Amino acid sequence: MERILEGPATFYIFGLLISETVINTWIVMALLIGFALIARRRLEMYPGKFQNFVELIIESITNLVTSTMGEERKGFAPYMGTLFLFLAVANMSGIIGLRPPTADINLTAALALLTFSAIHYYGLKKKGFGHIKGLAEPLFLFLPLNIIGELAKPVSLSMRLFGNIFGGAVIMAMIAGAVGIFVPVLPSLYFDLFAGVLQSFIFVMLTMVFITLALE
Amino acid sequence: MEHTAMTVAAFAALGAGIAMIAGLGPGIGQGYAAGKGVEAVGRQPEARGPITLTMLLGQAVAETTGIYALVIAFILIGIVYRVL
């Protein structure tokens, strides 16, 4: 069984490898887009139960973004909300029997690269060359240390998410292989549900904090 | 002594086990953070919600170095898998 650290390979389209990770990502996308399309139907002024639930999600994410990044940065809420919902559903997809797409270093590295690009794009846009000069603060000797620190941010973000979810998937596979019935429920509650939501929350919080620091 | 793929696999398996000694660090660090969290709740029981959230946030960040060691162990086990 090759490619166990990444998603196992399935088939090729136009010469590109479609791994199991890509297929599971499509399934997560279908779930999220389906949920969004259903939520858009018949929006009313006095919300019923389902609309209330959706508004609760939107409100809590917006509150999280404004309390962490400040009121004027409310425009970041759609991206952070998407990131959080996608990561939460992707991490929890172990319950429906999928191999979680975030248990692939390629996906977590891609998301961490998005964060890295956002940090430096907004830093350069706000402060111009001062953003690069900020790497030489407080002393010029600190330049290599600060560069390594900046590189460590996406590495640690991607490794943390990958390690937690992949480690959880390995342990769940071992437990399910040893005792197939009833016993996997409790560890699955922890590894799939709790750790999944917590890790997606951590990823989004750290992204917000890094971008806020770059914008200051 | 002739070194084969089996030697590499043996040392990789050994390395994977030694790498997980790094599980000591996050254990101590996260436990210390949990202790401080419990202390804070004891001092102000009505702030239990935000304190718990902040504690979990800090613990998950402190876990990162342990996860680095885990990924190294996975890579080494993958080598053993490929040889055997």
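Our structure's up above, just so we're on the same page.
Residues numbered from 1 in each chain as written. Chains lettered and ligands numbered in written order. Predicted model: local features only at pLDDT ≥ 70, side-chain atom pairs only at ≥ 80, totals over all residues.

Draft legend 1. Spatial organisation of the overall build of chain B. Scanning chain B from terminus to terminus reveals four helices and zero strands. Secondary structure of chain B in N-to-C order comes out as α-α-α-α. Taken over C-alpha atoms, the radius of gyration comes to 19 Å for chain B, far larger than the 12 Å a tight globule of 84 residues would show. Projected onto its principal axes, the C-alpha coordinates of chain B cover approximately 65 × 20 × 15 Å. (Helix = DSSP H or I, 4+ residues; strand = E, 2+ residues; numbered from the N terminus. Rg over C-alpha atoms; globule rule 2.2 N^0.38 Å.)

Draft legend 2. Local environment of the pairing of strand β2 (residues 16-19) of chain A. All names here are of chain A. Pairing of strand β1 (residues 9-13) with β2, which is carried by four bridges, proceeds in the antiparallel orientation. Each residue of the ladder has a partner; that of Ile 13, found in β2, is Leu 16. Counting the residues between successive antiparallel strands, the hairpin from β1 to β2 contains two residues, one of them, Phe 14, with a positive phi of roughly 50°. (Pairing = 2+ DSSP bridges.)

Draft legend 3. Representation of the packing of helix α6 (residues 143-178) of chain A against helix α4 (residues 64-83) of chain B in the model. Put simply, α6 of chain A and α4 of chain B touch, their axes get as near as 9 Å, and they point 65° apart. Here α6 of chain A is positioned roughly perpendicular relative to α4 of chain B, judged by the angle of their axes. For the pair α6 of chain A and α4 of chain B, the sense of crossing is left-handed. Counted together, Ser 156, Met 159, Arg 160, Gly 163, Asn 164 and Gly 167 of chain A of α6 of chain A and Thr 64, Ile 67, Tyr 68, Leu 70 and Val 71 of chain B of α4 of chain B form the full contact between these two elements. Its residues placed into classes, the contact of α6 of chain A with α4 of chain B shows five nonpolar, five polar and one charged. (Axes fitted to C-alpha atoms, helices over the stretch in contact; angles between N-to-C directions. Parallel < 35°, antiparallel > 145°, perpendicular 65-115°, else oblique. Left-handed = near helix turned anticlockwise from the far one by under 90°. Contact = placed C-beta atoms within 7 Å. Nonpolar A, V, L, I, M, F, W, Y, C, P; charged D, E, K, R; others polar.)

Draft legend 4. Seen up close, the interface of chain B and chain A. With twelve residues of chain B at the contact, the number on the chain A side is twelve residues. Contributions of two or more residues to the side of chain B that touches chain A are made by α3 (48-62) and α4 of chain B. Counting residues per element, the side of chain B that touches chain A draws most heavily on α4 of chain B, at eight residues. Partitioning the side of chain B that touches chain A into residue classes produces ten nonpolar, two polar and no charged.

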